[in-house]
Amino acid sequence: MFEDLLSGFANVFTPIHIIMLFAGVFIGILGGAIPGISGTMLVVILLPVAYGLDPIPALLLLTAVYTTSVFSGSISAILFNTPGTPEAVATVFDGYEMTKKGKAGEALGVAIFSSAIGGLIGCLFLILLTPVLASFALNFSSPEYFALIFLALVIVSVLGGGSFVKGMIGVLIGLLIATVGLDSSSGVARFTFDVTGLRSGIDFVAVIIGLFALAEVLRKVQEDYFTKDKTASPKTKFPGLGLLNRLKRTIGQSSLLGFFIGVLPGVGATTASLVSYSMSSSFAKNSKEFGTGIPEGVAAPESANNSAAMGAIVPLLALGIPGSATTAVILGAFIMNGIQPGPLLIEQQGMLVYTIIGGLLLANLSVIIFSKPFIRIFSYVLKAPYYIIGPMIVIFCFIGTYAVRNSMIDLVVMVIAGIVGYNLTKAKFPLAPMILGLVLGTMIEDHFRRALIISGGDFSIFFTRPISAVLLALAFLSLLIPVFKWYRRRIMEKKDKALPGQ
């Protein structure tokens, strides 16, 4: 395997291959940094180009766009509070707070380094554990998927915003939004109010752009018309040894968690980043500082989403099952070139597989090399008055939202989400639980129904299968965290009151 990997890595440096790889890196960084343009959209746009190329350069182009766009969404998330891609949602929480503190350069440096390390760790596991992890994911059926998603929703409710009540309300709102559209089983329209455009559901991209991008523009125009000097020309600052020592545990844990979440088909890097952020904010010693602008709040989601992006490629190569929306498009590129991913792919197309893996390794390293000069150019946008920047962001939001489904109703949804997001932010309401509920709503409903169909309506199927039973047990134990925190706070208050009398 090591020899095959070296051969594949050497094959990357064939002139046409390296040109396509770096073209993909540039397009991925540029497109991902522009709000409203996701990696999925970029890959879809480039499919006609890939069709005119040989399989290896075509797939190097698409996979490089995929992996670098996952990272570059953090650039606009940190600088503008506007995630360039859905995977950068959780990066906003601390990244933009660091920018407001005048630490944009440090936040960008942490994002670049964490993304590259997370991607490289993901590549390492992609190489070593593809057969094992693919077979493990194959053992997951609907009860296990339901239990996993339920655990994720409970965790983000408990830990996502500091208030369990607000977190749970956010999750329920997200789940409610996810039910809009045609029922997947019966075909009955739900909550569409006879609006034809809502029959296909509410698009996630429209909601997320509205909640973050438009809401931030509304907030910013009330604040001032010019960007503050402290954010006008951020210089990317890579973390020093002291900060690296502080972040190493967060990056390592988040990379591992992100990879294993990414391996599960359909879960995706967005979920990985949100879950990783919630887990890190729970177990960190400085958990109360999350959301106030700390490096750990940037390192956790960025290392997780890039590692998850590599994890999503595992079921694609080993099973022919896409692990995310973008890898589903890449699967189409494989088939378009007459290649069928699956268990025999490595045996029959070993050079192709290891060239792609070598390209992914090089693309993740390129994030460190090319991101800094790109950010320097991109950050000049911040020198413009906000009455120029704001409308530009709004224009990109409208273009990006409309381009996803060519639907006018999505633009209406985006505007409504922007107004709602603005008011929720003023009320200090956490947005992460709502986003996760929206992302996972359809999946948890579908798997719940399928599990009950399998069992003939017997709910015990969730507790008699070992994996799902363990995941549900963890979920219910997580519900005790607010009780534990409340009890601990009461004990501390009693101790504080007792001190004056001692």
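Structure first, text after, so check above.
Just so it is clear, the model here is predicted, and its values are computed rather than measured. (Residues numbered from 1 in each chain as written. Predicted model: local features only at pLDDT ≥ 70, side-chain atom pairs only at ≥ 80, totals over all residues. Heavy atoms only, no water.)

## As for the pattern of salt bridges
(1) Moving on: Enumeration according to the criterion identifies 7 salt bridges in this entry.
(2) Moving on: Between glutamate 445 and arginine 190 there is a salt bridge; the shortest N-O distance is 2.7 Å. Remark: arginine 190 occurs in strand β2 (residues 189–190) and glutamate 445 occurs in helix α19 (residues 432–455); sequence separation between them is 255 residues. Neither glutamate 445 nor arginine 190 differs from the other in exposure class; each is buried.
(3) Moving on: For glutamate 296, the salt bridge identified is with arginine 246, shortest N-O distance 2.6 Å. Of this pair, glutamate 296 sits in helix α12 (residues 295–311) while arginine 246 is found in helix α10 (residues 241–263), placing the two residues 50 residues apart along the sequence.
(4) Moving on: Residue class for glutamate 296 comes out buried when judged on its relative accessible area of 6%.
(5) Moving on: Because the salt bridges share partners, they merge into one network encompassing Asp183, Arg190, Glu445 and Arg449. (Salt bridge = Lys/Arg side-chain N within 4 Å of Asp/Glu carboxyl O. Helix = DSSP H or I, 4+ residues; strand = E, 2+ residues; numbered from the N terminus. Buried < 20%, exposed > 50% of the residue type's maximum accessible area, 1.4 Å probe, protein only.)

## A look at α12
(1) Moving on: Between its first and last C-alpha atoms α12 spans 24 Å; for 17 residues at 1.5 Å apiece the expected length is 24 Å, and the two agree.
(2) Moving on: The buried fraction of α12 amounts to 17 of the 17 residues, a majority that puts the element mostly inside the structure. (Expected span 1.5 Å × (residues − 1).)

## Some thoughts on the side chain of threonine 270
(1) Moving on: Looking at the secondary structure, you find threonine 270 in helix α11 (residues 268–283).
(2) Moving on: The buried category is assigned to threonine 270, whose relative accessible area is 11%.
(3) Moving on: Discounting chain neighbours no more than four positions away, the residues touching threonine 270 are Pro86, Glu87 and Phe204. (Contact = heavy atoms within 4.5 Å.)

## Remarks on the nonpolar core
(1) Moving on: Counting 90 residues, the largest nonpolar core has Ile75, Phe93, Leu211, Phe212, Leu274 and Ile435 as the members making the most contacts within it.
(2) Moving on: Of all the elements, helix α9 (residues 204–223) adds the most residues to this core, at 11 residues.
(3) Moving on: Counting residues in hydrophobic clusters, the runner-up holds 43 residues, among them Val65, Val263, Phe334 and Leu361. (Core = buried A, V, L, I, M, F, W, Y, C linked by side-chain atoms within 4.5 Å.)

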